[in-house]
Amino acid sequence: MSLDLISSTCCFDGTQRIYSHWSETLQCNMRFGVFLPPAAEGRPVPAMFWLSGLTCTEQNFITKAGAQRAASALGIALVVPDTSPRGPGVPDDEAYDFGVGAGFYVDAIREPWSKHFRMYSYIVDELRSVVANQFPVDIERFGISGHSMGGHGALIIALRNPSLFRTVSAFSPISAPMQCPWGQKALAGYLGGDVDEWRKYDAAQLMLEHGWAGPEILVDQGEADEFLHSQLKPELLADAAAHLNVPLRLRRQLGYDHSYFFVSTFIGSHLEHHARYLGA
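For the structure given in this document, a descriptive report is provided here.

Criteria and thresholds
Residues numbered from 1 in each chain as written. Predicted model: local features only at pLDDT ≥ 70, side-chain atom pairs only at ≥ 80, totals over all residues. Heavy atoms only, no water. Helix = DSSP H or I, 4+ residues; strand = E, 2+ residues; numbered from the N terminus. Rg over C-alpha atoms; globule rule 2.2 N^0.38 Å. Contact = heavy atoms within 4.5 Å. Areas by Shrake-Rupley, 256 points an atom, 1.4 Å probe, with all protein chains shown as cover. Lys, Arg positive; Asp, Glu negative; His and termini not counted. Charge placed at Lys NZ, Arg CZ, Asp CG, Glu CD. Buried < 20%, exposed > 50% of the residue type's maximum accessible area, 1.4 Å probe, protein only. Polar contact = N/O pair within 3.5 Å; in protein donor to acceptor, adjacent residues only side chain to side chain. Pairing = 2+ DSSP bridges. Axes fitted to C-alpha atoms, helices over the stretch in contact; angles between N-to-C directions. Phe/Tyr/Trp six-rings, centres within 6.5 Å; stacked < 30°, edge-to-face > 60°. Lys NZ or Arg CZ within 6 Å of the ring centre and 35° of its normal.

To continue, consider the overall build of the chain. Helices and strands together make up the secondary structure of the chain, namely ten helices and nine strands. The C-alpha atoms of the chain give 17 Å as radius of gyration, which agrees with the globular expectation for 280 residues (19 Å, within 12%). Dimensions of the chain along its principal axes, counting C-alpha atoms only, are 50 × 45 × 35 Å. The long-range fraction of contacts in the chain, counting pairs at least 24 apart against all pairs at least 6 apart in sequence, stands at 71%. Of the roughly 10,800 Å² that the chain leaves accessible, carbon and sulfur atoms contribute 49%. In the chain, which carries 21 positive and 30 negative side-chain charges, the distance between the mean positions of the two groups comes to 4 Å.

Residue Pro112 follows Glu111 across a cis peptide bond; omega there is 5 degrees. Locating Pro112 in the fold gives a position in the loop between strand E5 (77-81) and helix H3 (119-134). A positive phi angle, near 60 degrees, is found at Ser148, a position not held by glycine. Along the polypeptide, Ser148 turns up in the loop between strand E6 (137-146) and helix H4 (149-160). Judged by its relative accessible area of 3%, Ser148 falls in the buried class. One non-glycine residue, Ser172, adopts positive backbone phi at about 45 degrees.

Another aspect to go through is helix H5 (residues 181-191). Along H5, the residues classified as buried are Trp182, Gly183, Ala186, Leu187, Gly189, Tyr190 and Leu191. Once H5 finishes, Gly192 follows within two positions and takes phi at roughly 90 degrees, a positive value.

Attention now moves to the environment of Tyr19. The topology assignment puts Tyr19 in strand E2 (residues 14-23). Distance in space between the C-alpha atoms of Tyr19 and Ser7 is 7.3 Å, their sequence separation being twelve residues. Sequence-distant contacts of Tyr19, defined by excluding residues within four places in its chain, comprise Leu3, Asp4, Leu5, Ile6, Met30, Arg31, Phe32 and Phe135. A distance of 3.2 Å separates polar atoms of two side chains, one belonging to Tyr19 and the other to Arg17.

Next up on the list: the sheet that holds E5. The strand order across the open sheet formed by nine strands is E1-E2-E3-E5-E4-E6-E7-E8-E9, and the pairing between neighbours is mixed. Each edge of the sheet is formed by a strand with only one pairing partner; in this case those strands are strand E1 (4-11) and strand E9 (248-253). Between one strand axis and the next, the sheet turns through 20 degrees on average, direction left out of account. Pairing between E1 and E2: seven bridges, direction antiparallel. Bridge pairing in E2 links Asp4 to Ser20.

Each pair of aromatic rings is reported with the distance of its centres and the angle of its planes. Evaluation of the coordinates by the stated rule reveals 18 aromatic pairs. Across from the ring centre of Tyr120, 4.2 Å away, lies the NZ or CZ of Arg160, which sits over that ring. Above the face of the Tyr201 ring, Arg160 is positioned so that its terminal group lies 5.1 Å from the ring centre.

Below, the discussion takes up the pairing of strand E4 (residues 45-51). Among the seven residues in E4, seven count as buried, and that is most of the element. Alignment of E4 against E5, held across three bridges, turns out to be parallel. Each residue of the ladder has a partner; that of Ala47, found in E5, is Ala77.

Pasting the structure below:
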């Protein structure tokens, strides 16, 4: 696959790059960021995929999280895709929580969304393959993390693909989308009324049905998050994990909200979490 380099910037002795490429899965041009630590000059390194939340592009995490410093020190690459397909011919909705910028990391089956909105397969199959083949990373040492809608995406992708993503963490994830307004709107809009299809994209349900045999899952949740009780419901994920004795560490952070100030405060410990189990 041909990648077009948009920018390349030296950062903490590594390189922050932005690429674009034609996605066969999404049938549009897509952008993603890759940070390569200095260790990647001498050997393949582990990589953490980061999935962002509603309304975000790849730029939010790259410019606001401050993750490159820790990634450089730990010797771990960062892979940061966009949150949805974009561009001419891609359908959209006027609401911020559906359509462009709100792919929800599902494979849509309803028209007009099914042609382009296949973010689950894009991350799991296409982008993972692109990264493995084009960059000095170790395909056996991939982890995944994300924030809000992206935290939901990270959890469901890891729970469904434990052999592909060995570690998982999340910030303020939408933990049980079948039981919150954001999730119900997205699942109904992209998938229709078949609840069995919804279950494939609900982290709490997947935990109950399949468990997790990998290392401890790390979840950070701000106690001052305005979406905590109405949309996020981390206690449902924690209850599901406890039911199956899955190691899940839910850290409730007093005073923190839903913003990237929260993410930037704790991203270093999340990278340390992934690096510990991926052998960075």
